[in-house]
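Fold and geometry: a report
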Amino acid sequence: MNATHEYSSIILTPIAPSMCTFDGWPLKVFHKGFQPFHTQFALFLCPLGVLANLINVVVLCQPRLRNSTNLLLCFLAISDGMIMFLYIFYDIFYLIIPYLKEGMPLNYAKMLLVIIILLSSFQAFSAWTIVVIAIFRMLYVRTGVRAVIFCSNIRARLAITCVSILSIILTIPLALGHRVVPVPTSTNDSANATLESNTTTSYTVHYAPNETLRFFVFITTAILIKALPVIIMSVVSIILIVSIHHTERRYRGLQKDTHERRRFLAHIELDMRSRMEQQDSRMPTGPENG
């Protein structure tokens, strides 16, 4: 495995290479087939994503659209836009440039480590912000008019602050679990035109040798940033769907009761009118004046 595959796999799948040894898996086959087109596709998609998220931020910041849900959506758009913006740099400087396949200068390696940490942090922020949005939507449906209290702007800002702190905490193991390491490469001395090779030092980003740190990287990245938010969002979505169906049944029941009540009142009114007409017809008329 060359250096490019080592540090590119950190961003795409932050798992040690030894954990992915089954070449026959469908995802592995898809990865090998899609990898030649990934760079060009990302360069086409990411700028569009940055532009779309920028438009979302501009629209959601309009005064008439300022509420707790749109505030969360605005921060989510900023985070997603930053992920795509950082990936554009990663795609251009670490996948397209051919001489980085066998390593990179020290400054490039340090910048790659910073990009990895920032990407992980923004990914964690986006994932848990989506969880908060799902919870807010569930509260809107289940609490009715009390949602103004439970889903206020103050609580939305508090949720954003908590998610930001959580994202930083979840990124700490990844930051400690990776380091810049030298990669020795050989280059021919064309000036002397000899077969002797001079050893130069290139660098790359790799996992730390500490197995405990690597385990925590796996736990935070695979479970706390990816799997757990998906599970929570699934549970909240199920609760939301059940609540919507329950509310719809109640609304239909009220509509049915209202319709039956109106029919009952109309029947009573018609019966009273018929009785009054019968009473009027039975009343004797006065003598006619001659």
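Residues numbered from 1 in each chain as written. Predicted model: local features only at pLDDT ≥ 70, side-chain atom pairs only at ≥ 80, totals over all residues. Heavy atoms only, no water.

The name an unreviewed UniProt entry gives the chain is Dro/myosuppressin receptor, with Clonorchis sinensis as the organism. Under the UniProt heading Subcellular location (unreviewed entry), the entry covering the chain gives this text: "Membrane". (UniProt positions renumbered as here; feature names shortened; annotations may be inferred.)

Under the local residue numbering, the UniProt record ascribes the feature "transmembrane region" (unreviewed entry) to residues 41-61, 73-100, 112-136, 156-176 and 215-242. Along residues 41-61 one finds 95% helix and 0% strand; the C-alpha atoms at either end are 30 Å apart. Between the first and last C-alpha atoms of residues 215-242 the distance is 38 Å; the span itself is 100% helix and 0% strand. (Helix = DSSP H or I, 4+ residues; strand = E, 2+ residues; numbered from the N terminus.)

Once that is clear, we can look at the state of the cysteines. Scanning the entire structure with this criterion turns up zero disulfides. Distance from the sulfur of Cys-61, which forms no disulfide, to the nearest cysteine sulfur (Cys-74) is 3.8 Å. A relative accessible area of 38% means that Cys-61 is categorised as partly exposed. (Disulfide = S-S within 2.5 Å. Buried < 20%, exposed > 50% of the residue type's maximum accessible area, 1.4 Å probe, protein only.)

A contiguous nonpolar patch, built from Leu-51, Leu-54, Ile-55, Val-58 and Val-59 and spanning about 450 Å² of accessible area, is present on the exposed surface. Here Val-58 lies in helix H2 (residues 26-60). (Patch = residues over 30% accessible without salt bridge, like charges linked within 9 Å, V, L, I, M, F, W, Y side chains within 5 Å. Areas by Shrake-Rupley, 256 points an atom, 1.4 Å probe, with all protein chains shown as cover. Salt bridge = Lys/Arg side-chain N within 4 Å of Asp/Glu carboxyl O.)

What follows deals with the packing of H2 against helix H3 (residues 68-96). Their axes nearest at 8 Å, the elements H2 and H3 cross at an angle of 155 degrees. The angle between H2 and H3 falls in the class roughly antiparallel. The chirality of how H2 crosses H3 is left-handed. Of the residues contributing to the contact of H2 with H3, the split by class is 18 nonpolar, seven polar and two charged. (Axes fitted to C-alpha atoms, helices over the stretch in contact; angles between N-to-C directions. Parallel < 35°, antiparallel > 145°, perpendicular 65-115°, else oblique. Left-handed = near helix turned anticlockwise from the far one by under 90°. Nonpolar A, V, L, I, M, F, W, Y, C, P; charged D, E, K, R; others polar.)

A complete count under the given rule lists six aromatic pairs for this structure. Both rings, one in Tyr-87 and one in Tyr-90, keep their centres 5.2 Å apart while their planes meet at 55 degrees; by these two values the pair is tilted. Here Tyr-87 and its partner Tyr-90 are both found in helix H3, three residues apart, which amounts to about one turn of the helix. Of the two residues examined, Tyr-87 and Tyr-90, each falls in the buried class. Considering the side-chain rings of Tyr-94 and Tyr-108, the 6.0 Å spacing of their centres and the 65 degrees angle between planes classify their relative orientation as edge-to-face. You can see Tyr-94 sitting in helix H3 and its partner Tyr-108 sitting in helix H4 (residues 106-143), a full 14 residues away along the chain. (Phe/Tyr/Trp six-rings, centres within 6.5 Å; stacked < 30°, edge-to-face > 60°.)

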